[in-house]
Amino acid sequence: MACRPADPPGVEVAAQMQSDAVSRRDGALAAARVWKPPSTAISSANLRVNPQVPGRLNDDEEIACRFSRTPVNGTTPKFYCELASGELMKVKYGRNNPELAAEVAASRLLTALGFQADHMFIVKRVRCAGCPRFPFQALRCLARAGVPPGVCIPGGIDEERIVDFDTVVLERKLPGRVIEAFDDQGWGWFEIDRIDPSKEGSTLAEVDAFRLIAVFLAHWDNKAPNQRLICPPGADRQDGSCDEPLALMQDLGATFGPLKVDLQNWARGRIWKDARTCTLSMEHLPWGGGTFPERRISDAGRTLLLGLLEQLSEEQLKDLFEGSRITMQDQYSAEARRAGAWIRAFEDRVAQIRAAGPCPS
């Protein structure tokens, strides 16, 4: 009987490294936090302006940067651009692109309530040195196997050429080391049942509030890469694990819809599949709910989110919808360009959460 040749030493090492990565990721997910009390009182949060964080950008700024050939994915026009400081920021652009306004509004709301989110900055203009006229299409072209670069960017990158983008949002990722066992792993909503408060993870109430805010926003494009698990700066342990991992939603452009900033459907969309049992589902949304399974949530989760949402004033909601430029999007009706209509839809969804209680144990 022939003997099976031994695996090269490198195969065993690679297998062990992969196993270790899976174990570290599993441990981080069990210990993940999805919510923390916000650093600014919710009633004092300014939802009209860009995030007031170190290195913040103002909405009247012109940003000069240099085009980067860093690959991009997705369908929203975007590219990476290097600032004078050396920071590489993602630039999302496009006139009447509803995803820009949705991401700004959703990230500001989540941050104000204590859920983690990336920082999205509206600016007056981005002046990109070396940019192709259509950078997203050029980058997608470059990603295709066998296509010569000259076909994608005729004449090559001209550092002297400046291309202006006037309808833009700059994205700065929440700092932290991404925790994953393979590239773009993210996490699916079916996995957050594994968060364990006995391992310093979020409580059931916090996890259920997290599920509920996702339904509130209609975050239907929730494939695993659209969520992220990170280890914040300073939280790394010597053994490679993390002291306080964070689970967050990212790529929030498909919210306030489901057709991406769609007042009519967001206003009439339901929060509960069954309010009597506090059952959540996204099966009625695109992709049949994606990674979000049907789930009954606790009354503690319902009341936690309700208590957070009820602290927002009408003036803050007006700031949210006007400051994010949701009211500037082309819509099916003139009503969608008025903040009051969005506020009524928001308050109706809050009322659905309030009316459902108490959830059965």
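Every value quoted in this text rests on a predicted model; they were computed, and no experiment measured them.

Rules behind the numbers
Residues numbered from 1 in each chain as written. Predicted model: local features only at pLDDT ≥ 70, side-chain atom pairs only at ≥ 80, totals over all residues. Heavy atoms only, no water. Helix = DSSP H or I, 4+ residues; strand = E, 2+ residues; numbered from the N terminus. Rg over C-alpha atoms; globule rule 2.2 N^0.38 Å. Buried < 20%, exposed > 50% of the residue type's maximum accessible area, 1.4 Å probe, protein only. Disulfide = S-S within 2.5 Å. Salt bridge = Lys/Arg side-chain N within 4 Å of Asp/Glu carboxyl O. Arc of directions from axis to C-beta. Contact = heavy atoms within 4.5 Å. Pairing = 2+ DSSP bridges. Axes fitted to C-alpha atoms, helices over the stretch in contact; angles between N-to-C directions. Phe/Tyr/Trp six-rings, centres within 6.5 Å; stacked < 30°, edge-to-face > 60°.

Moving on to the overall build of the protein chain. The helix and strand tally for the protein chain stands at nine helices and twelve strands. Taking 2.2 N^0.38 as the reference for a compact globule, 361 residues should give roughly 21 Å; the C-alpha atoms of the protein chain span a radius of gyration of 22 Å, in line with that estimate. By its C-alpha atoms, the protein chain is 65 × 60 × 40 Å across when sized along the principal axes. Burial status across the protein chain gives 50% buried among its 361 residues.

Glancing now at the state of the cysteines. In the structure shown here, the tally under the stated rule is five disulfides. What pairs with Cys-128 in a disulfide is Cys-131, and their sulfur atoms sit 2.2 Å apart. Sign of the S-S torsion, about 80 degrees for the bond between Cys-128 and Cys-131, identifies this disulfide as right-handed. Between the sulfur of Cys-278 and that of Cys-359 lies a disulfide, 2.0 Å long from S to S. Because the sign of the S-S torsion sets the handedness, a value of about -85 degrees for the bond joining Cys-278 and Cys-359 places this disulfide among the left-handed ones. Placement of Cys-278 in the loop between helix H6 (263–268) and strand E11 (279–280) and of Cys-359 in the segment after helix H9 (339–356) is noted, with a sequence separation of 81 residues between them. Each member of the pair, Cys-278 as well as Cys-359, carries the same accessibility label: buried. Of note for the protein chain: the bonded cysteines, numbered N- to C-terminal, pair according to 1-2, 3-4, 5-6, 7-8, 9-10.

Moving on to the pattern of salt bridges. This structure, assessed with the given rule, holds 33 salt bridges. Across the salt bridge formed by Arg-48 and Asp-319, the nearest N and O atoms sit 2.7 Å from each other. Residue Arg-48 is found in the loop between helix H1 (9–30) and strand E1 (62–68), and its partner Asp-319 is found in helix H8 (residues 314–323); the two are separated by 271 residues along the sequence. Here Arg-48 and Glu-322 are joined by a salt bridge, their closest N and O atoms 2.6 Å apart. Placement of Arg-48 in the loop between H1 and E1 and of Glu-322 in helix H8 is noted, with a sequence separation of 274 residues between them.

Since the α-helix packs 3.6 residues into each turn, any two residues three or four apart lie on the same face. Burial in helix H7 (residues 299–309) covers these residues: Gly-301, Arg-302, Leu-305, Leu-306, Leu-308 and Leu-309. Projected down its long axis, H7 carries its buried residues within an arc of 160 degrees, all on one side. Buried residues in H7 make contact with helix H2 (98–113), helix H5 (204–217) and H9.

Glancing now at the sheet that holds strand E3 (residues 88–93). Within the open sheet, the seven strands sit side by side as E4-E7-E3-E2-E1-E5-E6. Their pairing is mixed. The outermost strands of the open sheet, each flanked by one partner alone, are strand E4 (119–123) and strand E6 (162–165). Sheet twist, expressed as the mean angle between neighbouring strand axes with direction ignored, is 40 degrees. Direction of pairing for E1 relative to strand E2 (residues 78–83): antiparallel, over a ladder of four bridges. Note that in E2 the partner of Arg-66 across the bridge is Glu-82. In this fold H2 packs onto E3, E4 and strand E7 (168–172), with an angle of close to 130 degrees to the strand it touches most, E4. Where helix H3 (residues 135–142) meets the sheet, its contacts fall on E1, E2, E3 and E6, and the angle it forms with E2 comes to roughly 100 degrees.

Before going further, it helps to examine the environment of Gly-290. Structurally, Gly-290 can be placed in the loop between E11 and strand E12 (295–296). The exposure class assigned to Gly-290 is partly exposed, which follows from its relative accessible area of 48%.

Taken as a whole and assessed by the stated rule, the structure comprises 18 aromatic pairs. Linked through ring pairs, Phe-216, Phe-256, Trp-266, Phe-321, Trp-342 and Phe-346 together constitute an aromatic cluster.

Here Gly-357 and Pro-358 are connected by a cis peptide whose omega angle stands at -5 degrees. Examined against the element boundaries, Pro-358 turns out to sit in the segment after H9. Unlike most non-glycine residues, Phe-256 shows phi in positive territory, near 55 degrees. With respect to the helices and strands, the residue Phe-256 is situated in the loop between strand E10 (246–249) and H6. Judged by relative accessible area, Phe-256 falls into the buried class, the value being 0%. Unusually for a residue other than glycine, Trp-287 sits at a positive phi of about 65 degrees. Mapped onto the fold, Trp-287 is located in the loop between E11 and E12.

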